[in-house]
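Observations on the model geometry
This is what each chain is made of:
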Amino acid sequence: MAEDPALSLRVSDIKDPAVLFERYNTAEIRRVEGKVRGEIEQKKEELRQMVGERYRDLIDAADTIGEMRQCSESVVQSIQDMHQYCHKLKQGTPSTSSCRQEDQRQWQEKFYIMASQIKLLLEIPERIWSAMEASQYLQATQLYLLCCHLHSLLQLQVATGGHYSPVLARFPILVRQVATTGHFRSTILLDSRSLLRGRAVSDQAIAEALVSTMLLEDSSPRQALADFLLARKASIHQLLNQPQHGAGIKAQVCSLVELLVTTLFQAYAVFYLPPEGGPRPGEGGPRPGEGELSYGMLFTTLENVTSTTYAAKDRRVLQEETSTGSWFKYLPPSITEFQPALRTLAQPIQREQLRDTLQQWIDTCKEDICRGVSSLLVYVKSLKGLAAIRDSVWDLLSTESISQHWSTVCQRLLECPLVVWDDFLQQLFLQRLQAITKEESEAISMSSVQFLASAVRDLEGQTIHTSSATNPGSGRGGQYEVDVASFLWSESPGDLLSDAGWVSVTQRGQQHHRSSLAMKTQALTPCVQNFCSSLDAKLKARLEDLQYYLPSQDTGSDSSSVTVTSSGPSESSSVSSFNRFTDSPAVEDALREGCVACVRHILSSIRSELASASPDPSPACLSSVLFMARLCQSMGELCPNLKHCILGKQRGFEATAKETPRQGKKLGKARATTEVSPTQAKWACLKEELLVCSMEAYRIWSSALSKVLLDKFATTLHAESAGAILTTATNWEDLEIQEEAESGSSVTSKIRLPVQPSWFVQSLLFQLCVEVNRVGGHALPRPTLQELLQTCLAQVLHHYHSLTQQSFSREGVFPMTQNRALQLLFDLRYLNTTLSSRVEEGKSSRSHQDPRFHEVCDWLEGYIDPFDLDVFTPPLNTNLNRLSQRTSVLLGLLTGSEKQFALRSSSVNSQEPFNILPLASSQIRFGLLPLSMSNVRTSKSATRSSAAAHQLAPPSSAADSESSFRPGSLFRQLADQDEDTATPSLFKLSWLSGMAK
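As the structure is a prediction and not an experimental result, all values here were calculated from the model.

1. Remarks on the overall build of the protein chain
Along the protein chain, the regular secondary structure elements total 36 helices and 2 strands. Within the protein chain, buried positions represent 41% of all 997 residues. Accessible surface, the protein chain as shown: approximately 54000 Å² in total, 54% of it carbon and sulfur.

Here it is, written out as structure tokens:
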């Protein structure tokens, strides 16, 4: 629809009406007319509204002008009246009546009284501000109440209807003063409550601030106590919510303790009243430090301020001002003798109510303090820091001003003792200490496990590089782990200590003075030494950190009677507020549990490594397995601080000192049994776990070694071709024997017998000896070596027994001839003699032999002619005996100290002497080193060692094995055994025995 052109036309565009009749028709012109008339009416309405609004403003302006005219006329009239009054006074005559003069004097006196009150009212605000700047809130309160009293006397309150009082109408300056006075009440209350939060505020100031609050709010002493405790609780929250800056934690904790203690002292000084019959508050004793504590200050101050007695006149509000100004004499007595008053009587707080209120406040603050201090102690990362905070609290509570009256105040207020350290802080510090110890122990265990994993990976890589010879420049430490023999026979500057020639074993000191030669005697490789030294250094740091929290040696472990050192004036007269070392057993337990958990974590990691290598260990894994075995075997010895952490440092030193001296010379005497403590039992249990893990690792190595060597042995033993059998054959010996013929004449015959084992037997024993010495066989535990030999012997018998099940009648199989059976019999008996001698040392040779040995021997003897067997047996036993003695030096650790041969005949004719060096009767450090001794001394030493073994049978085998492998034990044994002889012995020299350390 198109828009109407008449409606779109604006009125302002209409200039000539004739033009409209030319453009639009009649209907459109009517619409234009209606539009114009509508706008006219709208403008008229707007004009009416505007005139109405402006008219009201004009009326108000006219009224104001009228009032101004009236005011000015009134002023002019008043001035004229004053002029006329003054003129009349000038013209007055002395004949004025006396009545008129009296009225004038009274009126003048009233005027001076009012003027002095107004002047005092104008000076009071300045005095109130001065008193508040000097923190004299009670005086400010008294002045404020005096000001309110003046307001009531002068009737300065604004009347209803908004009209001022006559005084305010005559003195307009007082209007502002009245408005200013109204703000003093809130300011004095705010500053008084702020004063209650301070720690370094005197008892009198606290009492005056509370009295000010009571006068201003017309409250009771119970409300004042609640205000005081609420202010102190807010102060505690403020201390706990301060930003942390590390070193400020000690100051914050000490401030909390000081605030708590000060609150109770001030509660006693301000609110406590003695029971009926005791001295009144005004008769309170002197201040702290003078023998007694003050009490009841709130009631004393309140009585001094509000009392209207004659004695209180000297303590009036305007006592000092009455003599300073001449206009004070015009003040009425109601002002000069003004004293504030409470609407209700201030009843003393009952002891039960005071006790319950304080106890409830202590319980509430205890939760806040425990929560806040726990969050603060999170920022303390060492036990040294915890000990510093604890000692600062101890010094604070042990000061004479606190410790002298603390028990008395607690007993009178709470009717029970309150030990701040025990009730508030001790458990928090112990929990934080346990958390720090746990964190540090976990960090040590994690770093040790990472060190272990890195060492294992490096050893496996070193083994691969060594076998492939692709990395000739690799580190010497990894090479020593792969081949311990190269480490044992290498020379280094630290093999002997510089003082080894003149310092004896007993003067050597602790484990950190051990020489490299002593490490080599125990096959402790550099990797093991590095791991143990790293672990020991970390444990030493933890132990040194712990010593800050424990009593020092000069203080003693029993510190229940510890006296104040630096805080008090005399050590003998001031007893400490609490025993700060009561939790020493718990502290040591925390470190002990952390160390045990750390070692067990390391053991679990070692067990997981062993479990991954145990099914079928590769050659690359065996070096790491041996490293872990040596590590577990030596950790207890190379980490002396581990022992100190578990046993406690003092007990650890005592235990070490007990192990240092040589054993008693008279072994026959019974030893006194010592009672084993729980910590010693825990240490023994941990050493047992380490030993079990070490034996498990050695078992994996021995199983893998025996499997590899015996597989080669079995392949050669079960060879079926004649060429393979002849390849392993050795030279036989021709012997001439004398036999008696049937005619009684002597017949000489020649026989051939084996004098050497087969090549594969010699290769087996030699390779076994090489592998044992390659890993430091002299330091292998005796059970491991016995188990290795026993396993090898069992597998040898198994392979020989399987040979008996083999069929020799098949084509291409070399038959079992008499010579071959004789060689195999010689090999079997030689292997049984060599491998079983250590296992069966000191026992019956036939009672513990494997029955398969006799079965195989019987089976092999079945291929030998019985007559020849009787002839061959004596020289065969002789050859076997000679071979064992000749190879005992070569095989070293595989042979035992006593030769017990499984002889087939009951009679042995060994009349041929051999010039063979006998081995030592005891386990020696270097298995390949023979000792030159006479047969007499050898038998004598063997007899003594067997007797000593019977006498020392009751102690545990673990202790025996540990002592037998301790460096220098051989020298001590030989020195003890041969001390009754006059012949000087090389092993009695102290410098040689000292080299072992």
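2. Concerning the pairing of strand β1 (residues 732-740)
A regular strand carries its side chains on alternate faces of the sheet. Across 9 bridges, β1 lies against strand β2 (residues 746-754) in antiparallel orientation. Bridging from a neighbouring strand, Glu-733 pairs with Leu-753 of β2.

3. A short note on the pattern of salt bridges
According to the stated counting rule, one finds 21 salt bridges in the structure shown. In this structure, the salt-bridge partner of Asp-391 is Arg-580, at a minimum N-O distance of 2.8 Å. Separated by 189 residues along the polypeptide, Asp-391 in helix α14 (residues 383-397) and Arg-580 in the loop between α21 (526-547) and α22 (584-613) bring together distant segments of the chain. Looking at Arg-580, the relative accessible area reads 14%, which means it is buried. Note that Arg-600 is salt-bridged to Glu-689, the shortest N-O span being 3.0 Å. In this pair, Arg-600 is assigned in helix α22 and Glu-689 in helix α26 (residues 678-717), connecting sequence segments 89 residues apart.

4. Things to note about the nonpolar core
Phe-271, Leu-425, Trp-701, Phe-713, Leu-768 and Tyr-800 are the most contacted members of the largest nonpolar core, which totals 208 residues. A per-element tally of this core places helix α17 (residues 420-468) first, with 15 residues. Setting aside residues up to four positions removed in sequence, Phe-713 forms contacts with Phe-760, Val-761, Leu-764, Val-796, His-799, Tyr-800 and Leu-831. Judged by nonpolar contacts, the second largest core, of 6 residues, contains Tyr-480, Val-484, Leu-488 and Ala-523.

5. Concerning a negative patch on the surface
A surface patch of like charges, here negative, comprises Glu-53, Asp-57, Asp-60, Asp-63 and Glu-67. Residue placement: Glu-53 occurs in helix α2 (residues 26-90). The class of Glu-53 is partly exposed, set by a relative accessible area of 45%.

6. Topic: the packing of aromatic side chains
Taken as a whole and judged by the stated rule, the model has 10 aromatic pairs. With a centroid separation of 5.9 Å and an interplanar angle of 45°, the aromatic rings of Phe-228 and Phe-271 are classed as tilted. Here Phe-271 lies in helix α10 (residues 248-271) and Phe-228 lies in helix α9 (residues 221-240), a separation of 43 residues in the sequence. An identical accessibility class is assigned to Phe-228 and Phe-271; each is buried. Centroid distance Phe-265 to Trp-406: 5.8 Å. Interplanar angle 50°. Geometry classified as tilted. Note that Phe-265 is positioned in helix α10 and Trp-406 in helix α16 (residues 406-414), a separation of 141 residues in sequence. Exposure class is identical for Phe-265 and Trp-406. Each is buried. One aromatic cluster in this structure is built from Tyr-268, Tyr-272 and Tyr-295. The ring centre of Tyr-549 lies 4.3 Å from the NZ or CZ of Arg-390, which sits over that ring. The ring of Trp-394 carries the charged tip of Arg-580 above its face, separated from the ring centre by 3.9 Å.

7. Re a nonpolar patch on the surface
On the surface, a cluster of nonpolar side chains totalling about 440 Å² of accessible area is made up of Trp-107, Phe-111, Tyr-112 and Tyr-330. Within the secondary structure, Tyr-112 sits in helix α3 (residues 98-133).

8. Focus on unusual backbone geometry
One non-glycine residue, Ser-135, lies in positive phi territory at about 60°. Tracing the backbone through its elements, the reader meets Ser-135 in the loop between α3 and α4 (137-154). What makes Ser-135 partly exposed here is its relative accessible area of 40%.

9. Describing the confidence of the model for the protein chain
Chain-level pLDDT for the protein chain is 75 on average; 71% of the residues reach the 70-or-more range. Note on residues 555-575: pLDDT is under 50 here. Beyond four places in sequence and across chains, it has 27 contacts. Here residues 838-847 is a poorly scored stretch, pLDDT under 50, and it has 22 contacts once near neighbours within four places are set aside; other chains count.

10. Thoughts on the packing of α4 against helix α7 (residues 184-196)
Relative orientation of the contacting elements α4 and α7 amounts to 165°, with a least axis distance of 10 Å. One way to sum up the angle between α4 and α7 is to call them roughly antiparallel. The way α4 lies across α7 gives a crossing that is left-handed. Of the residues in α7, those in contact with Tyr-137, Ala-140, Thr-141 and Tyr-144 of α4 are Phe-184, Arg-185, Ile-188, Asp-191, Ser-192 and Leu-195.

11. Some points on the environment of Gln-805
Along the chain, Gln-805 turns up in the loop between α29 (782-804) and α30 (818-836). Side chain to side chain, Gln-805 and Thr-804 meet in a polar contact 3.4 Å long.

12. Focus: α30
Taking 1.5 Å as the rise per residue, α30 with 19 residues should run 27 Å; its terminal C-alpha atoms sit 26 Å apart, in good agreement. Most of α30 sits inside the fold, with 17 of its 19 residues counted as buried. Sitting at the head of α30, Thr-817 places a side-chain oxygen 3.3 Å from the backbone nitrogen of Arg-820.

13. So, helix α23 (residues 619-638)
When the terminal C-alpha atoms of α23 are compared, their 28 Å separation across 20 residues agrees well with the 28 Å that a helix rising 1.5 Å per residue should span. Most of α23 sits inside the fold, with 16 of its 20 residues counted as buried.

14. Observations concerning the side chain of Ser-445
Counting through the fold element by element, Ser-445 comes out in helix α17. Judged by its relative accessible area of 5%, Ser-445 falls in the buried class. A distance of 3.2 Å separates polar atoms of two side chains, one belonging to Ser-445 and the other to His-601. Here Ser-445 is in contact with Cys-598 and His-601, once residues within four sequence places are set aside.

15. Considering the packing of α26 against α29
Between α26 and α29, the least distance of the axes is 9 Å, while the angle of their chain directions is 25°. Viewed along their axes, α26 and α29 adopt a mutual orientation that is roughly parallel. The crossing of α26 and α29 is right-handed. Between α26, through Met-695, Tyr-698, Arg-699, Trp-701, Ser-702, Leu-705, Ser-706, Lys-707, Leu-710, Phe-713, Ala-714 and Leu-717, and α29, the contact on the second element is made entirely by Pro-783, Thr-784, Glu-787, Leu-788, Thr-791, Cys-792, Gln-795, Val-796, His-799, Tyr-800 and Leu-803.

16. Topic: the side chain of Ser-624
Note that Ser-624 resides in helix α23. The buried category is assigned to Ser-624, whose relative accessible area is 3%. Leaving out residues up to four positions away in the same chain, Ser-624 has contacts with Val-456, Leu-459 and Glu-460.

17. Side note on the environment of Thr-833
With respect to the element layout, Thr-833 can be found in helix α30. Take Thr-833: its relative accessible area is 5%, and that puts it in the buried class. For the pair Thr-833 and Leu-793, spaced 40 residues apart in sequence, the C-alpha to C-alpha distance is 9.8 Å.

Rules and cut-offs
Residues numbered from 1 in each chain as written. Predicted model: local features only at pLDDT ≥ 70, side-chain atom pairs only at ≥ 80, totals over all residues. Heavy atoms only, no water. Helix = DSSP H or I, 4+ residues; strand = E, 2+ residues; numbered from the N terminus. Buried < 20%, exposed > 50% of the residue type's maximum accessible area, 1.4 Å probe, protein only. Areas by Shrake-Rupley, 256 points an atom, 1.4 Å probe, with all protein chains shown as cover. Pairing = 2+ DSSP bridges. Salt bridge = Lys/Arg side-chain N within 4 Å of Asp/Glu carboxyl O. Core = buried A, V, L, I, M, F, W, Y, C linked by side-chain atoms within 4.5 Å. Contact = heavy atoms within 4.5 Å. Patch = residues over 30% accessible without salt bridge, like charges linked within 9 Å, V, L, I, M, F, W, Y side chains within 5 Å. Lys, Arg positive; Asp, Glu negative; His and termini not counted. Charge placed at Lys NZ, Arg CZ, Asp CG, Glu CD. Phe/Tyr/Trp six-rings, centres within 6.5 Å; stacked < 30°, edge-to-face > 60°. Lys NZ or Arg CZ within 6 Å of the ring centre and 35° of its normal. pLDDT = per-residue confidence, 0-100. Axes fitted to C-alpha atoms, helices over the stretch in contact; angles between N-to-C directions. Parallel < 35°, antiparallel > 145°, perpendicular 65-115°, else oblique. Left-handed = near helix turned anticlockwise from the far one by under 90°. Polar contact = N/O pair within 3.5 Å; in protein donor to acceptor, adjacent residues only side chain to side chain. Expected span 1.5 Å × (residues − 1).

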